[in-house]
Amino acid sequence: MNVHAIRAIYFFEMHRWWRTLMQSIISPVLSTSLYFIVFGSAIGSRMASVDGVSYGAFIVPGLLMLSILTESISNASFGIFFPKFSGTIYELLSAPVSAVETIIGYVGAAATKSVVLGLIILATASFFVRLHIEHPFWMLGFLVLTAWTFSLFGFIIGLFSANFQQLQVIPLLVVTPLTFLGGAFYSIKMLPEIWQKVTLFNPVIYLISAFRWSFFGHADVNVEVSVTMTAAFCAACLGVIVYIFKTGKRLKT
């Protein structure tokens, strides 16, 4: 294991993140704060509690997931796409760095950024609503697992993207709508029975449900099923990336 290569890639990505701090942290935090003001305070104050939890607190896990999913994909996809775009990917390909070491460096940095952002947003949420986390250990575990999984997914998007516009297609047209329709702002128990069954085909519902369980102790979907599906998706993404590096497909400009 080439630890020096992993550190070099990891800290290079973290330094790049620090140079764009305004865009990387402050912008998502301000956007999330607006959600809390509109949905948590303005609308939430006129709504009854959901499963015994105030509406403002109920939407916290969903908003965290929305930010983590989009930021994980964005950070990881741009991290590997820019070397392809600038041509520096050839330096990486010619260096004595394996596919696993490259993945750990790039995806580890992207996941770290997302986890830090998630914790900052969680701290921001405490200024708007009263929060009590039933299972803090599991909450942190779900946070890390989700950030790592979707950073892997974003890494794949970066490998297959041919231009900057393609980087935004899946996050904007797929991930964000699935998050809004996956119970970020409501419990699927509030839906008619037929739509409850349809919602179960949305993979994001399992992420949000498990994350919400770690906060309040109850979930719309069995927690074991949620963890299993997330871990399976993570393993599938990892397998795809390793295959791409071994075959060399989509790595060159």
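For the structure, see preceding data.
Peer 1: Quick question: what am I supposed to make of the overall build of the chain here?
Peer 2: Across its full length, the chain holds 11 helices and 0 strands. For the chain, the α and β elements follow one another from N to C terminus as α-α-α-α-α-α-α-α-α-α-α. At 19 Å, the chain has a C-alpha radius of gyration in line with the 18 Å of a compact globule built from 253 residues. Each principal axis of the C-alpha distribution contributes one length, and for the chain these read about 60 × 35 × 35 Å. For the chain, the proportion of contacts with a sequence separation of at least 24, taken over those separated by at least 6, is 81%. Total accessible area on the chain stands at roughly 12500 Å², and carbon and sulfur atoms take up 69% of it.

Peer 1: Help me understand the pattern of salt bridges in this model?
Peer 2: Applying the stated criterion to the full structure yields 3 salt bridges. One salt bridge connects Arg 16 with Glu 13, and the closest N-O pair in it is separated by 2.6 Å. Taken together, the positions of Arg 16 and Glu 13, both in helix H1 (residues 3-19) and 3 residues apart, correspond to about one turn of that helix. Its relative accessible area of 16% is what places Arg 16 among the buried residues. The salt bridge partner of Lys 197 is Glu 193, with a shortest N-O separation of 3.9 Å. Of this pair, Lys 197 and Glu 193 both sit in helix H9 (residues 193-199), separated by 4 residues, roughly a single helical turn. Among the charged side chains, a salt-bridge network with shared partners connects Glu 13, Arg 16 and Lys 113.

Peer 1: Where do I start with the packing of aromatic side chains in this structure?
Peer 2: We describe a pair of aromatic rings using the distance from one ring centre to the other and the angle between the two ring planes. Scanning the model with the defined rule gives 18 aromatic pairs in all. On the numbers, 6.2 Å between centres and 90° between planes, the contact of Phe 150 with Phe 153 is edge-to-face. Highlighted residues: Phe 150 and Phe 153, both in helix H7 (residues 136-160), separated by 3 residues, approximately one helical turn. Linked through ring pairs, Phe 78, Phe 81, Phe 82, Phe 85 and Phe 164 together constitute an aromatic cluster.

Peer 1: How should the environment of Tyr 35 be read in this particular structure?
Peer 2: Considering the arrangement of structural elements, one finds Tyr 35 in helix H2 (residues 21-43). Taking the C-alpha atoms as reference, Tyr 35 lies 9.3 Å from Ile 59; in sequence the two are 24 residues apart.

Peer 1: Can you walk me through helix H4 (residues 60-86) in this structure?
Peer 2: In an α-helix, one full turn covers 3.6 residues, which means residues spaced three or four apart are oriented alike. End to end, H4 covers 39 Å across 27 residues, agreeing with the expected 39 Å (1.5 Å per residue, within 8%). Within H4, 21 of the 27 residues are buried, which leaves the element mostly enclosed by the surrounding structure. Just downstream of H4 lies Gly 87, where phi reads positive at about 90°.

Peer 1: Teacher, can you tell me more about the environment of Ile 205 here?
Peer 2: Locating Ile 205 in the fold gives a position in helix H10 (residues 204-216). For the pair Ile 205 and Phe 85, spaced 120 residues apart in the sequence, the C-alpha separation amounts to 34 Å. Look past the residues within four positions of Ile 205 in its chain and what remains in contact with it is Gly 182, Gly 183, Ile 188, Thr 199, Leu 200 and Val 221.

Peer 1: So what exactly am I meant to see when it comes to the nonpolar core here?
Peer 2: Across soluble globular proteins, nonpolar side chains have a tendency to be buried as a group. Within the largest apolar cluster, 69 residues are counted, with the highest numbers of intra-cluster contacts made by Val 60, Phe 155, Phe 211 and Phe 215. Element by element, the count of residues in this core is highest for helix H6 (residues 99-125), at 12 residues. Once residues lying within four places of it in the same chain are set aside, the contact partners of Phe 211 are Pro 61, Leu 64, Met 65, Met 139, Phe 142 and Leu 143.

Conventions and cut-offs
Residues numbered from 1 in each chain as written. Predicted model: local features only at pLDDT ≥ 70, side-chain atom pairs only at ≥ 80, totals over all residues. Heavy atoms only, no water. Helix = DSSP H or I, 4+ residues; strand = E, 2+ residues; numbered from the N terminus. Rg over C-alpha atoms; globule rule 2.2 N^0.38 Å. Contact = heavy atoms within 4.5 Å. Areas by Shrake-Rupley, 256 points an atom, 1.4 Å probe, with all protein chains shown as cover. Salt bridge = Lys/Arg side-chain N within 4 Å of Asp/Glu carboxyl O. Buried < 20%, exposed > 50% of the residue type's maximum accessible area, 1.4 Å probe, protein only. Phe/Tyr/Trp six-rings, centres within 6.5 Å; stacked < 30°, edge-to-face > 60°. Expected span 1.5 Å × (residues − 1). Core = buried A, V, L, I, M, F, W, Y, C linked by side-chain atoms within 4.5 Å.

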